Amino acid sequence: MLENKLRSLRFVAPTAAIAIAGALGTVSFAQVSSVVSDPEKLVIETDAGNQLISYGIDMMKKQFPVRERTTRTPWTKTGEIVRFRGVFLKDLLAKHDLDEHKAVEVRADDGFMARVPKADIDSYAPMIAYEKECTDADRQTGRCDADDTFRPLDIDESGPFFVVWPYDNLPASYIPARNNLWVWWVIAVRPVK
C-alpha cells in the first residue's frame, strides 16, 4: 500500500516520492542518462546511456509485431480486465542486440526508474503498451469513434508508454511487493551489464 501511495505522488511531487521511496528501499534508481527525451518517444539506450534510437508509436507499429495483452493491473477495479496493445520488451531488446544483458532499467518521464531482471522478461514477457481498448464510456465522451477498437494511452492513464505485465501469471510474491515494475510514463530503456 505504501508503494502505491508513493507511486501516486510521482505525478504530484516526484522529488519527494523519489526521496521517500529511495530511503525505504522499495524501488531502485540509477543514474539518469544525459539523453533529453520527448515523452511522446521511447528511447532505447546502450548500457552506457547513449541513445541508439527513438521510437514514436507509429514507428513502433511499423518496426515490430503489434502485440495484445488482456489483463488486470494492480490499479484496476476488482474484476476489471483491460486489453492493451504494444510491443514486447524482449522484442525491442532483441532488435538492438541488447537481449543478453542481465537486466534493463526502465525510466519514466518523472525520473522514476525500475530495474527489470532478464529472467522476468523471459518468463513473463512484459509489454511496452501504447494503446488500450476503447470502452463504451470512451465512445460516449468522444475519446473513440464508433468504429475504433483501440486508442492511445493518455498521460492520465500512465501513457503514452506503460509497462504492462500478465498480472494473473505473476508469482504471488510480485503482488503487490513488486508493483514498481509496472512503470508509467516510460521514456527510456537501458540494458544493465
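In what follows, the accompanying structure is described.

**Some points on the environment of Pro-74**
With respect to the secondary-structure elements, Pro-74 resides in the loop between strand S3 (67–71) and strand S4 (82–88). In the structure, Pro-74 is positioned 102 residues away from Pro-176 in sequence and 7.3 Å away in space, judged by C-alpha atoms. With sequence-adjacent residues up to four places away left out, Pro-74 is seen in contact with Tyr-167, Asn-179 and Trp-182.

**Re the nonpolar core**
Leu-42, Met-60, Leu-92 and Ile-128 are the most contacted members of the largest nonpolar core, which has 43 residues in total. In contact with Leu-92, not counting residues within four places along its chain, are Leu-42, Ile-44, Tyr-55, Met-60, Phe-64, Val-87 and Ile-128.

**Quick word on the pattern of salt bridges**
If you walk through the whole model with that rule in mind, you get 21 salt bridges. Between Glu-68 and Arg-85 there is a salt bridge, with its nearest N and O atoms 3.2 Å apart. Separated by 17 residues along the polypeptide, Glu-68 in strand S3 and Arg-85 in strand S4 bring together distant segments of the chain. Take Glu-68: its relative accessible area is 39%, and that puts it in the partly exposed class. Residue Arg-85 is classed as partly exposed on the basis of its relative accessible area, which comes to 23%. Via salt bridges that share partners, Lys-132, Asp-138, Arg-143, Arg-151, Asp-154, Asp-156 and Glu-157 belong to a single interconnected network.

Cut-offs and rules
- Along each chain, the written sequence defines residue order, and numbers are assigned to residues from 1.
- Per-residue local features of the predicted model are confined to residues with pLDDT of at least 70, and side-chain atom pairs are confined, for both listing and counting, to 80 or more; whole-chain, interface and lining totals are unaffected and use all residues.
- Side-chain measures were taken over the full set of non-hydrogen atoms in the model, leaving aside hydrogen atoms and water.
- A helix here means a DSSP run of H or I that spans at least four residues, while a strand means a run of E at least two residues long, and both kinds are numbered starting from the N terminus.
- Here, residues are in contact when the closest pair of their heavy atoms is within 4.5 Å.
- Nonpolar cores are built from buried Ala, Val, Leu, Ile, Met, Phe, Trp, Tyr and Cys residues. Side-chain atoms within 4.5 Å join them into one set.
- Under the scheme applied here, a residue whose accessible area is under 20% of the maximum for its type counts as buried, over 50% as exposed, and between as partly exposed, the area being computed with a 1.4 Å probe on protein chains only.
- Salt bridges are defined by distance alone: a side-chain nitrogen of Lys or Arg within 4 Å of a carboxyl oxygen of Asp or Glu.

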